[in-house]
Each structure stands twice: as C-alpha cells, then as structure tokens.
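Spelled out from the first residue to the last, the chains are:
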Amino acid sequence: MNEFEGLLKIIEKKTEKIDTLDDLLNFISQLLHDNIPYYDWVGFYILKEGKLHLGPFSGKPTEHVEINVGEGICGTSAKTLKPVLVSDVTKEDNYLACSVETRSEIVVPIIYNGKFWGEIDIDSDRINAFSEKDRLFLEKISDIIKKLLNHN
Ligand code: SME
C-alpha cells in the first residue's frame, strides 16, 4: 500500500465515527499537513452566498479568508469547476499569495449534485510539487466528503 492509499483508509475509517462535516474537514487538513512533507498548507474553501469562504485549514494563517469566484487559483477552480495545478506560482498572474514561501499549488473542486460546493487547496514551498497522483488522491478525498454531504 502506498502512502496515499494508507491515508485514504484512515480518512474512510474516520468518517464512520465523525459527528460533523467540519470535524472531518479539520481532521483531513491536519492529517495531510502532518503526513505529507511537501503539503505545507492544507485547507478548504466553501462556497457561500457566491463567495469562497475559508473553512478548516492546517498551516500558517492566511489573510485570504474570502475569495471571489474567478479570483486567484482558488477562484479559477470555482469558476471552471476543474482542478488547477500550478507548478510555479511566480509565473502565475491570477494568483493570491498566502505565504511568500509558497512555490506551487493545487486546487481540487468538490462538485456536489452538479454544483460547485467547495474545494481542497494545498500549497507547497517546493517548486513543481504536485502531479496527477496528488490530483487523483485529492479527488478521492473529495468523493469521501461528498458521501458525507449526503447525510448533512
Ligand atoms: N493562493 C490562493 C489563495 C489561497 S492561499 O493559497 C491559502 C489563490 O491564488 O487563490
């Protein structure tokens, strides 16, 4: 079993005994941040009243607690409903800096009942840190969260 598969198993097990969705998002952000060395900031943005609002996260606090759809990498994913992988944030025009140390970023949307619900956002201090393997891993996490949305 590779590390991603192991973490997915832990998250799946946790869903059996979690009380609220917020608890699960907190658990996931901490678990990924603490176990994957290049995941330096892990958080969720949730769409409410047309804007992205910062949800549970692990890593340094960010000033970007509210983001407009279309703005930055997070807003781009919310607008296109597609994952966004940025290998070098210094080359990205539509980028909102959370930390001067961040070098690359991945955002994976959580689409629920055909609509954008929220997203998983990961920043890395390493350049070109993320690959399709991370995308697949985060999409599987998104699927687990969606199952819980059904019960909330
Ligand atoms: N860099 C993001 C903003 C969120 S922070 O990474 C936490 C963006 O460009 O949308």
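That block above? That's the structure.
All values reported here derive from a predicted model rather than from experimental measurement. (Residues numbered from 1 in each chain as written. Predicted model: local features only at pLDDT ≥ 70, side-chain atom pairs only at ≥ 80, totals over all residues. Heavy atoms only, no water.)

Draft legend 1. Inspection of the overall build of the protein chain at higher detail. Along its length, the protein chain carries four helices and six strands. When the helices and strands of the protein chain are placed in sequence order, the string is α-α-β-β-β-α-β-β-β-α. The C-alpha radius of gyration of the protein chain comes to 14 Å, within 12% of the 15 Å expected for a compact globule of 152 residues. The principal-axis extents of the C-alpha atoms in the protein chain amount to approximately 40 × 35 × 25 Å. Within the span of the protein chain, comprising 152 residues, buried residues form 44% of the whole. Element-wise, carbon and sulfur atoms account for 49% of the exposed surface of the protein chain, whose accessible area totals about 8,100 Å². (Helix = DSSP H or I, 4+ residues; strand = E, 2+ residues; numbered from the N terminus. Rg over C-alpha atoms; globule rule 2.2 N^0.38 Å. Buried < 20%, exposed > 50% of the residue type's maximum accessible area, 1.4 Å probe, protein only. Areas by Shrake-Rupley, 256 points an atom, 1.4 Å probe, with all protein chains shown as cover.)

Draft legend 2. Local environment of the pairing of strand β5 (residues 104-112). Extensive coverage of β5 is indicated by the burial of seven of its nine residues. One ladder, built from nine bridges, connects β5 with strand β6 (residues 115-124); its direction is antiparallel. Residue pairing for β6: I111 is matched across the bridge by F116. Counted along the chain from β5 to the antiparallel partner β6, the turn is two residues long, and its residue N113 has a positive phi close to 50°. (Pairing = 2+ DSSP bridges.)

Draft legend 3. Just unusual backbone geometry, in detail. The phi angle at N113 is positive, at roughly 50°, despite the residue not being glycine. Checked against the element boundaries, N113 lands in the loop between β5 and β6. Backbone geometry at N128 places phi at a positive 50°, although glycine is not the residue there. Inspection of the secondary structure puts N128 in the loop between β6 and α4 (132-149). A relative accessible area of 51% means that N128 is categorised as exposed.

Draft legend 4. Representation of the site of the ligand within the structure. Taken together, W41, Y45, I67, G72, I73, C74, Y95, L96, C98, E105, D121 and D123 make up the full set of residues near the ligand. In this structure, I73 approaches the ligand through a main-chain N or O atom, which is 2.9 Å from an oxygen atom. In the environment of the ligand, an oxygen atom lies 2.8 Å from a nitrogen or oxygen atom belonging to the backbone of C74. Here the shell around the ligand gets three residues from one element, more than from any other, and that element is helix α3 (residues 72-80). For the shell around the ligand, a count of residues per class yields eight nonpolar, one polar and three charged. (Near = heavy atom within 4 Å. Polar contact = N/O pair within 3.5 Å; in protein donor to acceptor, adjacent residues only side chain to side chain. Nonpolar A, V, L, I, M, F, W, Y, C, P; charged D, E, K, R; others polar.)

Draft legend 5. Inspection of the sheet that holds β6 at higher detail. A sheet is described by the order of its strands in space; here six strands give the open sequence β3-β2-β1-β6-β5-β4, paired in antiparallel fashion. In this open sheet, the two edge strands, each paired with only one partner strand, are β3 (66-68) and β4 (84-86). Taken pair by pair, the neighbouring strands of this sheet meet at an average axis angle of 25°, ignoring direction. Note: strand β1 (residues 41-48) against strand β2 (residues 51-58), six bridges, orientation antiparallel. Of the residues in β2, the one forming a bridge with V42 is S58. (Axes fitted to C-alpha atoms, helices over the stretch in contact; angles between N-to-C directions.)

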